[in-house]
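A closer look at the structure
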Amino acid sequence: MDIVIDLSSVYNFFNLSPDLIFWRLFLLFGWIPIALTFLWGVKESWLFYIRTKWSGTNKFILLAIDIPRGNEQTAKAVENLFTYFGGAHKTLNLIETYWEGQFQLSFSFEIISIEGYTQFLIWTPASLRDLVESAVYSQYPDAEITEVDDYTESLPDKFPDEEYDLWGCEFIQAKNPMYPIKTYEEFEHNLGDPETQYKDPMASLMDLYSSLRRGEQLWFQMLVKPMGFDWPEKGEIEVGRILGEKAPPTFANKIIDGIVDWMGKVSEAIYKLWGDIEEKKKDEKDDILKMMNLRPKQKKQVEGISEKISKLGFEWKSRMVYVAKKEVMNKPKVVNGFVGYMKQFMDLDLNNLKPDMDKTATSVDYFFEDYRLNIRKNKIMRAYKGRSTTKGRKMGIMNIEELATLWHFPAESVVKAPLIQKAPGRKAGPPIQLPIGEEIVSEESPEPMFLEEEKKTHGEDFFAKGREIETKKDSVSSSPPPDLPVI
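All of the points below concern the structure found in this document. Everything quoted here is computed from the prediction, not taken from an experiment. Here the residue index of a chain counts from 1 through its sequence in written order. Selection of residues for local features in this predicted model requires a pLDDT of at least 70, selection of side-chain atom pairs for listing and counting requires 80 or more, and totals for whole chains, interfaces and linings are taken over all residues. The side-chain figures draw on all heavy atoms in the structure; neither hydrogens nor water molecules are used.

1. Structural notes on the nonpolar core
Which entries qualify depends on this criterion: We call a set of buried residues a nonpolar core when its members are Ala, Val, Leu, Ile, Met, Phe, Trp, Tyr or Cys and they connect through side-chain atoms within 4.5 Å of each other. Remark: exposure states derive from per-residue accessible area (1.4 Å probe, protein chains only) relative to the maximum for the residue type, with buried under 20%, exposed over 50%, and partly exposed in between. The contact rule is simple, with two residues in contact once any of their heavy atoms fall within 4.5 Å.
In terms of nonpolar packing, the biggest core is built from 64 residues, with Phe109, Met222, Phe338 and Trp407 touching the most fellow members. For Phe338, the contacting residues outside a window of four places in its chain are Phe171, Leu205, Leu208, Tyr209, Leu218, Phe220 and Met320. Residues Leu121, Leu166, Ile380 and Met381 belong to the second largest nonpolar core, which totals 16 residues.

2. Quick look at the pairing of strand β2 (residues 107-114)
Put simply, the rule is: Helix numbering and strand numbering both begin at the N terminus, where a helix is a DSSP run of H or I of at least 4 residues and a strand a DSSP run of E of at least 2. We call two strands paired when DSSP finds no fewer than two bridges between them.
Most of β2 is tucked away: 7 of the 8 residues are buried. When β2 meets strand β6 (residues 216-226), the two strands line up antiparallel, connected through 8 bridges. Within β6, the residue paired with Ser108 across the bridge is Leu223. Both β2 and strand β3 (residues 117-125) contribute to a ladder of 7 bridges, which runs antiparallel. Bridge assignment links Ser113 to a residue of β3, and that residue is Thr118. In this structure, the hairpin formed by β2 and β3 is closed by a connection of 2 residues, where Glu115 is found at a positive phi of approximately 55°.

3. Brief notes about the pattern of salt bridges
The line we're drawing: Between Lys or Arg on one side and Asp or Glu on the other, a salt bridge is scored when a side-chain nitrogen of the former is within 4 Å of a carboxyl oxygen of the latter.
Counting across every chain of the model gives 20 salt bridges. Linking Glu79 and Lys311 is a salt bridge whose minimum nitrogen-to-oxygen distance equals 3.0 Å. Here Glu79, found in helix α3 (residues 75-85), pairs with Lys311, found in the loop between α9 (296-308) and β7 (313-325); they are 232 residues apart in sequence, far enough to count as distant. Salt bridges here are not isolated pairs; linked through shared partners, they connect Lys76, Glu79, Lys311 and Glu401.

What follows is the structure in structure tokens.
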């Protein structure tokens with residue numbers, strides 16, 4: 001039986017003019033990408049509308065955290081605190097996501113200096129206030145938590161302004177977020193006294209904050225959003241890339257590979273009709289890099305990524321804003337000092353934090369500089385005030401150890417910052433079982449018996465003058481100096 005394939009219609013189609021070929025292909029297949037793009041736009045518009053509506057039902061509050069004086073806890077305590085914040089993660093179903101518009105709420109951990117006065121703050125949904133307080137009190141039982149007004153409301157968010165100017169930017173991870181930054185554990189050494197073995201990286205920031213003058217303010221904001229347990233897979237992929245392993249196929253690649261594999265099996269079945277086919281054995285690749293064959297840098301990267309993905313992770317974004325009156329603004333000192341603080345966490349073999357000069361920093365070159373500069377100032381200020389996780393750069397990923405490195409209460413034995421607000425300490429009354437005597441004791445303490453002979457030798461006036469001098473010393477030491485600054 002002869003099989004005849006008629007290809008005349010194909011020949012006729014390609015013999016048409018180019019414009020007719022284009023329009024026929026467009027009518028047959030061109031509407032598919034347009035329809036998909038339209039449906040994607042409708043979905044995004046609906047999500048924006050419903051999420052904005054649901055976001056308006058959530059109230060946020062600002063909590064000031066005052067730790068007790070004499071704090072000796074390192075960033076490890078704050079790492080445990082962030083672990084507790086992971087309990088705010090919520091798994092949403094399709095109805096909650098696409099009909100109610102719910103999304104994962106975030107926190108903002110902030111360190112601010114207003115004219116040299118330093119304060120640690122947490123911006124949190126009001127519904128999660130109990131979670132925040134429990135987390136803080138679990139590590140700092142004597143801390144004081146106070147709800148305060150938003151400090152950003154008193155400053156303008158539209159520039160240029162007659163009185164104020166600002167410089168701000170976002171700090172981003174220079175490499176793949178799976179690579180960790182230098183953490184607080186690497187600031188410890190075994191030389192010297194035990195209380196000096198930990199070199200708190202917060203010391204440079206506290207010194208910068210306390211040096212601000214009247215009319216200057218410096219804000220640092222760290223936005224964190226709890227996430228699930230699937231993010232370590234990205235780290236495993238990066239480790240596999242370093243080791244030279246084949247990357248796992250994507251969904252599209254799986255479909256293509258399945259079609260190719262099916263076509264190969266069909267062709268083999270046809271070829272076998274004409275005889276046996278010698279099967280070629282696949283050569284196993286033995287050139288996959290192992291840990292013992294890695295270079296020191298690669299081995300450090302594999303170990304660093306593996307260590308990072310072993311701990312709880314959060315989506316992360318950070319901003320800094322320096323705002324001051326024009327006559328006192330000192331950008332070189334404050335901006336360079338803050339960038340220097342962030343460079344402490346740099347590890348060139350792994351990762352580091354750098355200012356985003358391309359998109360969010362209030363610094364532009366070339367055309368329409370003033371116009372574009374004011375646009376960036378307005379954007380960074382409004383994003384900071386709104387604690388936005390969507391404006392600016394895409395959020396990165398950090399684990400609890402990295403977050404605690406960037407935001408933690410300084411150890412008082414290492415960091416000497418006099419203008420940090422601190423809780424006075426535990427306030428407690430006497431124990432209930434304290435015995436109370438009924439004997440009335442004179443306020444004047446009796447003089448020792450051996451002083452009688454001294455009185456006879458030196459005279460009564462000598463001891464009277466001595467008491468007068470001691471009384472003056474007590475009165476001077478108990479009262480503050482008249483020129484003490486009041487915060």
